[in-house]
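# Close look at the chain arrangement
Here is what each chain is made of, one letter per residue.
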Amino acid sequence: MSDAFLKALLLGVPLAFVVGRLLPAKFRTWRVPLAIIGGWGLAALMVAMLSTGRLAYLTSFGILAGIYSVLSLGLNIQWGFTGLFNIGIAAFFSVGAFTTALFTTTPAEGAAAAFTEQAFGLGAPFLVGVLAAGAISGLVALLIGVPTLKLREDYLAISSIGIAEVVRLIFQNERWLANGPQPLRGIPRPLFCLADSRAACPWVPEAVVTFFEPLSSYSFVYLVIVTLFLVVIYVLIEQLIRSPWGRVLRAIREEESSTAMSGKHVSAFKMQAFVLGAVVMGMGGALYAHHMVAIDYSHFDPLYATFLIWVMLMLGGSANNLGAILGAFVVYGIWQGTPELVRYLPLAQIHPSLAGSGPYIRFLIIALMLILILIYRPKGIFGEQKFLATVTKR
Amino acid sequence: MNESISKPLEPGLGRKLKAFFESRNGAAVILLMIFVVIALIARAQGITFARLLPLVVRGVMLSGIISLGAIGLSLIFGVLNFPNFAHGDLMTVGAYLALIIVGLLPHGQPLGPFSFGYELLIGLLVAMPAVGLVAYLIDRFVYRPLRASNSSAAILAMASLGAALLVRSLVYIFFGADFTFFYRGRSRPAIELFSGIRVRPDQLFILGLALVLIVLIYLLLEKTKIGKAMRATADNPSLARVTGINTEQVVLITWLVGGGLAGAGGVMYGLDAQLRPEMGWWLLLPLFASVILGSIGNPYGALAGALVIGIAWQVSTAFLPAAYGPGVAFVIMIVLLLFRPQGLFGKPGGS
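Source: prediction; values computed, not measured.

## As for the packing of aromatic side chains
A full pass over the atoms with the stated rule returns 32 aromatic pairs over all chains. A ring pair is formed by Trp79 of chain A and Phe85 of chain A, whose centres lie 5.7 Å apart and whose planes are at 55 degrees; its orientation type is tilted. Exposure class is identical for Trp79 of chain A and Phe85 of chain A. Each is buried. Judged by centre distance (5.7 Å) and plane angle (65 degrees), the rings of Tyr360 of chain A and Phe363 of chain A are edge-to-face. Take Tyr360 of chain A: its relative accessible area is 18%, and that puts it in the buried class. The lysine or arginine in question, Arg362 of chain A, covers the ring of Trp335 of chain A, its NZ or CZ lying 4.1 Å from the ring centre. Positioned above the aromatic ring of Phe141 of chain B, the side-chain terminus of Arg140 of chain B is 5.3 Å from the ring centre.

## Some points on the side chain of Ser63 of chain B
All names here are of chain B. Note on placement: Ser63 falls in helix H4 (residues 49-80). Residue Ser63 is classed as buried on the basis of its relative accessible area of 3%. Here the side chain of Ser63 touches Gly59 through a polar contact of 2.7 Å, landing on its backbone oxygen. The residues contacting Ser63, other than those within four sequence positions of it, are Ala306, Leu307, Gly310 and Ile311.

## With respect to the layout of surface pockets
Space inside the largest pocket adds up to approximately 930 Å³. If you go around the largest pocket, you meet 35 residues; those closest to its centre are Trp79, Gly83, Arg253 and Glu254 of chain A together with Ser152 of chain B. Taken together, the elements giving at least two residues each to the lining of the largest pocket come down to helix H3 (52-81), helix H6 (153-173), helix H10 (244-254) and helix H16 (361-376) of chain A together with helix H7 (153-175) of chain B. In terms of residue count, the dominant contributor to the lining of the largest pocket is H10 of chain A (3 residues). Residue classes in the lining of the largest pocket are distributed as 14 nonpolar, 10 polar and 11 charged.

## Regarding a nonpolar patch on the surface
Residues and elements named next belong to chain B. A cluster of nonpolar residues, Val212, Val215, Leu216, Tyr218, Leu219 and Tyr300, forms a patch on the protein surface that exposes about 530 Å² of accessible area. The biggest single contributor to the nonpolar patch is helix H8 (residues 201-223), with 5 residues. Mapped onto the elements, Tyr218 comes out in helix H8.

## Examining the pattern of salt bridges
Taken as a whole and assessed by the stated rule, the structure comprises 11 salt bridges over all chains. Among the ionic pairs, Lys270 of chain A bridges to Glu256 of chain A, the shortest N-O distance being 3.2 Å. With Lys270 of chain A in helix H12 (residues 266-292) and Glu256 of chain A in helix H11 (residues 256-261), this pair connects stretches of sequence that are 14 residues apart. What makes Lys270 of chain A buried here is its relative accessible area of 9%. The structure contains a network of salt bridges with shared partners spanning Asp139, Arg144, Arg147 and Glu248 of chain B.

The rules behind these values
Residues numbered from 1 in each chain as written. Chains lettered and ligands numbered in written order. Predicted model: local features only at pLDDT ≥ 70, side-chain atom pairs only at ≥ 80, totals over all residues. Heavy atoms only, no water. Phe/Tyr/Trp six-rings, centres within 6.5 Å; stacked < 30°, edge-to-face > 60°. Buried < 20%, exposed > 50% of the residue type's maximum accessible area, 1.4 Å probe, protein only. Lys NZ or Arg CZ within 6 Å of the ring centre and 35° of its normal. Helix = DSSP H or I, 4+ residues; strand = E, 2+ residues; numbered from the N terminus. Polar contact = N/O pair within 3.5 Å; in protein donor to acceptor, adjacent residues only side chain to side chain. Contact = heavy atoms within 4.5 Å. 1 Å grid on protein atoms, 1.4 Å probe; cavity = no way out; pocket = protein on both sides within 12 Å on 5 of 7 lines; lining within 4 Å. Points joined across faces, edges and corners; volume = space filled by probe spheres on them. Nonpolar A, V, L, I, M, F, W, Y, C, P; charged D, E, K, R; others polar. Patch = residues over 30% accessible without salt bridge, like charges linked within 9 Å, V, L, I, M, F, W, Y side chains within 5 Å. Areas by Shrake-Rupley, 256 points an atom, 1.4 Å probe, with all protein chains shown as cover. Salt bridge = Lys/Arg side-chain N within 4 Å of Asp/Glu carboxyl O.

Shown next, in the form of C-alpha cells:
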C-alpha cells in the first residue's frame, strides 16, 4: 500500500462516515458498510485527483474543522437545547487546552527550564489529559454558574464574557502557571509512533504499526483521532438529548415557568446543561492543544474562540447537532478561504492605506454573516429536528 | 416543647445576616468591605497611603470616562431591554472619528497646558453626533428588524455582538491593528496638583468635560419631556407604552444620546491612553459592571457604579499588574450578583 493511498484512506473513511449520517432513515442499516466502501473509493479518487500538498492541506483543515465541530456541539447543549446564552466559549476552550498541556507535558529540565515555567507537568497519557481538560473546564462552568444561572439571562451573558477575559488575562500574565505570555511548548502527540518509527509505543499491536508503516505525515493519524472523538461525543449527545433529561432541557428553553410548575428543578437542570456543554468545550480545547503542540493565550482571542463558534452554530441551526457540525465545516471553510480570495483583490490600488488590511476582511464577512443569519434565517440551515423522547419509541 | 415549635419562626442569625446582605445597606457594606480588603492588601504589601491617594484621584478621572459609556449603556439596556455588547465599540468609533478630524485639520499650537489643540475639540464635537448617528443606523438596520419579528433579548444581544464585530473590523481595515495617538510624539508632561499628587492637565480636562456632560444629561433627563419619557420607558417599557409615550421616538433619542456619550467617552479614553481597535471591547466589562452595580436602567446608578469601578481599578494597580483592571471590575460585579443582583438602587426581587 502506498503512502499516498494510506493518507487518502485516512481522510476518506471519516468523510464517508460523516456523509453517511446524512442518509435517510431507510438506509441507516447500510451506513457502516457504505461508509467503509465509500471511504476506499473516495481515497482512490483523491489519490488520482489531488497532489500530496493538497491532501495535507485538506487533512489539516479537517482536523481544525473537526475540533470546531466539538466546540459547536458543546455550545449546542447550552444554547441550542437549553437556551443558555454563553458568550465566553474562549474561557472553556483555553482552560481545556492549558489543562491537558499541563497534564501531559513534563517540566523542562536543565538549560530549557530557564525559558519555560509551568505550575506542574505530570507527563500523563493523552486520554487522561483530555478527560482532565473536560473536568476542569466543567468546574469553571460550575463556579460561574452558581452566581448567574438563577438570574435573568443577560447576567449569564455578561458574566461569561467576563470570565473569558479574566481567563485570558491569567494565561497572558501569570508566567508561573503556563509560561504566559510565551507559548507552552512540547505538548505530546498521541500515537506519534505510527507516523514516525523513531518514537516507540510498545503497547500498540504489531499489525497496526505495520499497517501504518508507509505513513510519513502524522496529521493523518490525528485526523482519525479527532473524528473518533467527534463521533463519540455526537452519539452521546444525541442519546442524552433524546432522553427524558433532554426533554426537560428543551422544555426549559421554551417555557421556563411552566417547566418549574411541572415540578422540575429548573436551575439544577440549567446547571447540568451548562457544565456538560463546558466539559465538551474543554475536551475540544484539549484536542486543539495536542494538534497545535505549542499554545499561548493569543490562540484564544474572543473573535475566533467565541464568535466564530457562535456563527457556526447559528448557521447550521441551533438545537440540531448535525447542523452544528455542518456549520462548523462551512464557516471554517469561509474563515480559511477568505484570505486566499482576498489576496487577489486590488486593495492597495483602491487606497494605499488598505494595503495590509486583507486579513481583516474575514472579520467583516463573519460579522455580516451573523447579522444576516439572525435577521433572515434565525433557525439556521437545518432548523430544529423534531423527535420524540426514546422512552416512547423503539 | 414550646421552644422547639417556636424555633423555626425566629429567624436565625444566619438568615438575619443573609437578609442584611441582600438589603441596600448590606450591599453598600459589601462594597465598603471590598475597598477595605483592597486597602489591606495594599498595606500588607507595604504600599503607603501617599501612593494610594494619587491612584484614587486617577480612579476618579477614569470613572469620568467609564460613566460616559455606562450612562448610555444603562439607558439603552433599560429602554430596549437587551445588553448592547456593541457599546464599547461605539466608543472606539468615536475615538477614531476624532482621529480622522485631527488628521484632516492643520495642527495648531497646543492649548494652554494641554497636549491637544483646537483640532481635537472640533473632532470631539463632530464625533459625538456622528457616533449617535452610527448607533441609530445600527438600530435601524439590525435591531429594528429583529424587534419587528419579536426576537428574544438573547437574539438581540447576539446581533449586538455581530454589530460590535462589524464596527471593529471596519476600524481594523482602515486603521490596522496597531495602537496610535491623536498627536504622535507630543510629550504629555504631568503637573503637580497639590502635595505629591501629579496629574496630566489632559486628565483634568477629561474630568471637567465628563462632569459637564453628566450635568447636561441630568438636565435632559429631569427637565425635558423627552427625558422624563426616557426614564419612564427605561423603568418600565410596557407601562410607558400604555401611558401613551411614543416609544419609537424614545428609542431614537436614546440611541442618539447614548451613542453621543459613548463617542465622547471614546475620545477621552484615546486622549488619556492611546487609540487601539480593541479599546472599547476592553472597556466593555467595566461598563457592564457599573451598569449592574447601579441597577439596569438607572443612569444615576450607573454614575455611582462607574465611580466604584474606576477607583477600584486604579487602586488595584498598586499591587496587581495594570492589565487586570477589567478583571477587578468583573470580580466586584460577581460579588454583587451573589448578594444583590438587582444592583444598589434596584427594587428588591430584580427587574
